[in-house]
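Letter by letter, the chains look like this.
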Amino acid sequence: MVTLTKDSNCLRCGKNSLLTDNVTGEQFCSKCGYVVSEKVNESGPEWRSFQTESGANPARTGAPSSLLMHDMGLSTVINPINKDATGKPLSSSMKSTIERLRTWDSRSQSHESEDRNLRQALNELTRMKDKIALSSNVLEKASYLYRKALEKKLVRGRSISAMIAASVYAACRDTETPRTLNDVAVAANVKRKDIARCYRLLHYELQLKMPVVNSIQCISRISSKLKLSEKIKRHAIKVLQEAQDNKESAGKDPMGLAATALYIACLKYGGAVTQRDLAEAAGVTEVTIRNRFKGFKKQPSFKLKS
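No experiment lies behind these values; they were computed from the predicted model shown.

Here we come to the overall build of the chain. When its secondary structure is counted, the chain shows eleven helices and four strands. Looking at the 306 residues of the chain, the share that counts as buried comes to 35%. Put simply, 55% of the contacts in the chain that link residues at least 6 apart link residues at least 24 apart. Total accessible area on the chain stands at roughly 19500 Å², and carbon and sulfur atoms take up 50% of it.

This is how it looks when you write it as structure tokens:
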């Protein structure tokens, strides 16, 4: 199908006689035959069609790019099924050719040491995802931080597992996801000290600005482990809000503050939970809860009786 292109003159003869071939995408002059362009940009819709009726599928965008893939999803993919476009099986000679192309394609995607490093790190990240229940935005942020560290050559001479674990912890801090350093260390099977060292390196070299961890976000995590009631959770949140207003929570461990607030709420509403149970659920010591409890007792609104 050929359509007339309006408001366009031929560059050779100057006449308004340009035509566009919608099949081949060529734009040419009907008078002198001059080809203006061999391909016209498609201006149709970019959405996908999920219709089951017959007809061409207008989808042209493909899968979205992602930082979780070492090539961001932009590399070549050769179908592992040995069939042609019509569904017929390939001949033996063509099958060997395709196998050789698959081998060279896989080698070309990770021929440098940085590509192999990134692929191993992203595999570690995918393995950690289900262990500590990370969301997609945390994973994208962690892969972005690791790519930046790899670009600045911070990974050289250090453990890949420790660096990707430090990137995960930094991403959790940046997105305000309540995950402690011990949680990341257990999921990555790396020493806590090594992850902390790599995190300090990332924080200094990449000039990261991390928000202060809000202890109120840790309430639901501890209470879900101990199956506490909603009344106890709400009172613990109220105690923490008063502590934040009185500057009592500044510089304190957020998990210790949340555990202490839940302990105060349990004392008020009769929750059968001990300090040891709260300490194990929060990953802190009983001494920490007792020390924070002394600080909460100094607040003017501190009351245990309802």
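One turn of an α-helix holds 3.6 residues; hence residues three or four places apart share an orientation. Helix length check: helix α3 (residues 136-151) (16 residues) gives 22 Å between terminal C-alpha atoms against 22 Å at 1.5 Å per residue, within 8%. Every buried residue belonging to α3 is among V138, L139, A142, S143, L145, Y146, R147, A149 and L150, and all of these are buried. Those residues of α3 that are buried lie in contact with α2 (113-131), α4 (160-174) and α6 (192-205). The first or second residue beyond α3 is K153, which carries a positive phi of 60°.

Moving on, we get to the layout of surface pockets. Approximately 470 Å³ is the volume found for the largest pocket. Lining the largest pocket we find 28 residues, and of these R179, T180, L181, D253 and M255 sit closest to its centre. Residue assignment for the lining of the largest pocket shows that the elements contributing at least two residues are α4, α5 (181-188), α7 (219-226), α9 (254-269) and α10 (275-282). Here the residues of the lining of the largest pocket sort into 13 nonpolar, six polar and nine charged. The calculated volume of the second largest pocket comes to roughly 210 Å³. Surrounding the second largest pocket, V212, V213, N214, S215, Q244, K247, S249, A250, G251, K252, P254 and L257 form its lining. Taken together, the residues of the lining of the second largest pocket break down into five nonpolar, five polar and two charged.

Conventions adopted
- Residues numbered from 1 in each chain as written.
- Predicted model: local features only at pLDDT ≥ 70, side-chain atom pairs only at ≥ 80, totals over all residues.
- Heavy atoms only, no water.
- Helix = DSSP H or I, 4+ residues; strand = E, 2+ residues; numbered from the N terminus.
- Buried < 20%, exposed > 50% of the residue type's maximum accessible area, 1.4 Å probe, protein only.
- Contact = heavy atoms within 4.5 Å.
- Areas by Shrake-Rupley, 256 points an atom, 1.4 Å probe, with all protein chains shown as cover.
- Expected span 1.5 Å × (residues − 1).
- 1 Å grid on protein atoms, 1.4 Å probe; cavity = no way out; pocket = protein on both sides within 12 Å on 5 of 7 lines; lining within 4 Å.
- Points joined across faces, edges and corners; volume = space filled by probe spheres on them.
- Nonpolar A, V, L, I, M, F, W, Y, C, P; charged D, E, K, R; others polar.

Spatial relationships are all this shows, so hold off on functional conclusions.
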